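A structural walkthrough
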Amino acid sequence: MSTARRHTALPKAEILIEALPWLTRHNGKIVVIKFGGNAMIDEDLKAAFAQDVVFLRQAGLKPVVVHGGGPQINAQLDKQGLVSEFKAGLRVTTPEAMDVVRMVLAGQVQRELVGLLNQHGPLAVGMTGEDAHTITATKHTPEIDGESVDIGRVGEITAIDTGAIEALLADGRIPVISSIARSADDHHVYNVNADTAAAALAAALGAETLMVLTDVEGLYADWPNSDEVISRLTVSQLEKLLPELSSGMVPKMEGCLHAVRNGVTTARVIDGRVQHSILLEIFTDEGIGTMVVLDGPGLETQAVGTQAVETQGGDPA
């Protein structure tokens, strides 16, 4: 090979070398990724997401994908003449709507994602929270203006059984999990917020990282006065910010809080509109999005102001 050709290829080698410490740090670790937002509906973004997840697996990490399917559910409900209604940031889910949710998540979104991943080899296995009692839920009744409100078949997670997921990971597979669950109380199937489900699974699995794909760059330090993204945020800083967040961001950031409080090393909200955002966040020095970590000495954190950016719901599915 000529000297000129070696020099041409050098940037590729430099990129790989930059990734080396991150590859070493994350080797063998579980990474739970919440798949949502525009990444679910844009064909190029979907393909890039699948490539990223397969890359993580081939690089020695253990990715677990959790998904909702808000846009696809809305489309199917419209097709069937059923109204989409949201209260407290969650989809009001009638028994009829629950049938649609279950069909779309397990029969459409999950199947497509499994297919994209399996273009790269016999890797992905689809399942729902119902399978092997992976997610158990009870009926969730939120309070709005001090009053309990019935929003139908929306579940609040009561238990996680990671056995089936761990068996798949041990076999080198990539679990792809739809955010629906069965109740031990009434045996109904419930719609579970996908951000919440991803956080609960990350904590139960002892994951190294929770990554939540969304349609904004991250949390803004002083929106709308500034578009500066907070790159790192401690648990205590995030707790102070929560009351000021838009309803769509609340499930995502509450999920990050839950994960980090329960043993997950870092939780990150990243811009799923950027191709290969997962690889950029995990394997580069710059990173993108907002990372949540435990409070502790020596952490350099940015000043935090009001953040009230709107996003497309918390993927309430």
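Scroll up for the structure.
Structural notes, computed from the coordinates. All values reported here derive from a predicted model rather than from experimental measurement.

**Considering helix α8 (residues 250–261)**
The α-helix winds at 3.6 residues per turn, so residues separated by three or four positions along the chain end up facing the same way. The end-to-end C-alpha separation of α8 is 16 Å, in line with the 16 Å expected for twelve residues at 1.5 Å each. Buried within α8 we find Pro251, Lys252, Met253, Gly255, Cys256, Leu257, Ala259 and Val260. Gly263 sits one or two positions beyond α8 and adopts a positive phi of about 105°.

**Topic: unusual backbone geometry**
In most cases, non-glycine residues show a negative phi, while peptide bonds are predominantly trans. Unlike most non-glycine residues, His133 shows phi in positive territory, near 55°. Tracing the chain through its elements places His133 in the loop between β5 (124–128) and β6 (135–139). For His133, a relative accessible area of 60% corresponds to the exposed category. The phi dihedral of Asp145 is positive, around 55°, even though this residue is not glycine.

**Here we look at the pairing of strand β16 (residues 290–293)**
Of the two faces of β16, both are covered, the one formed by Thr290 and Val292 as well as the one formed by Met291 and Val293. As paired elements, strand β14 (residues 232–234) and β16 share three bridges and run parallel to each other. When the bridges of β16 are listed, Leu233 appears paired with Val292. As paired elements, strand β15 (residues 266–271) and β16 share three bridges and run antiparallel to each other. Bridging across to β16, Arg268 finds its partner in Met291.

**What to know about the sheet that holds β6**
Across the sheet, four strands lie side by side as β9-β6-β11-β12; this open sheet has mixed pairing. Each edge of the sheet is formed by a strand with only one pairing partner; in this case those strands are β9 (155–160) and β12 (189–191). With strand direction ignored, the average angle separating the axes of adjacent strands in the sheet is 50°. Summarising the sheet, β6 and β9 pair through five bridges and their orientation is antiparallel. Looking at the pairing, Ile135 lines up with Ile160 of β9. Contacts from helix α6 (residues 194–205) reach β6 and β9, with the element oriented near 15° to β9.

Rules of the game
- All residue numbers refer to positions counted from 1 along the written sequence of the respective chain.
- The predicted nature of this model means local features are confined to residues of pLDDT at least 70 and side-chain atom pairs, given and counted, to a pLDDT of 80 or more, with totals for whole chains, interfaces and linings taken over all residues.
- No hydrogens and no water enter the side-chain calculation; it runs on all heavy atoms of the structure.
- The way it works is that DSSP assigns letters per residue, a run of H or I at least four long becomes a helix, a run of E at least two long becomes a strand, and they are numbered from the N terminus.
- Expected span of a helix, by definition, is 1.5 Å for each gap between consecutive residues, and there is one gap fewer than residues.
- Each residue is placed in one exposure class: buried if its accessible area under a 1.4 Å probe, protein chains only, is under 20% of its type's maximum, exposed if it is over 50%, and partly exposed if it falls in between.
- Strand pairing is defined by DSSP finding a minimum of two bridges between the two strands.
- Only the stretch in contact is used when fitting a helix axis, every axis being a line fitted to C-alpha atoms; angles between N-to-C directions are given from 0 to 180 degrees.
- Should any heavy atoms of two residues lie within 4.5 Å, those residues are counted as being in contact.

Everything listed here is a matter of coordinates, which is why it stays silent on function.
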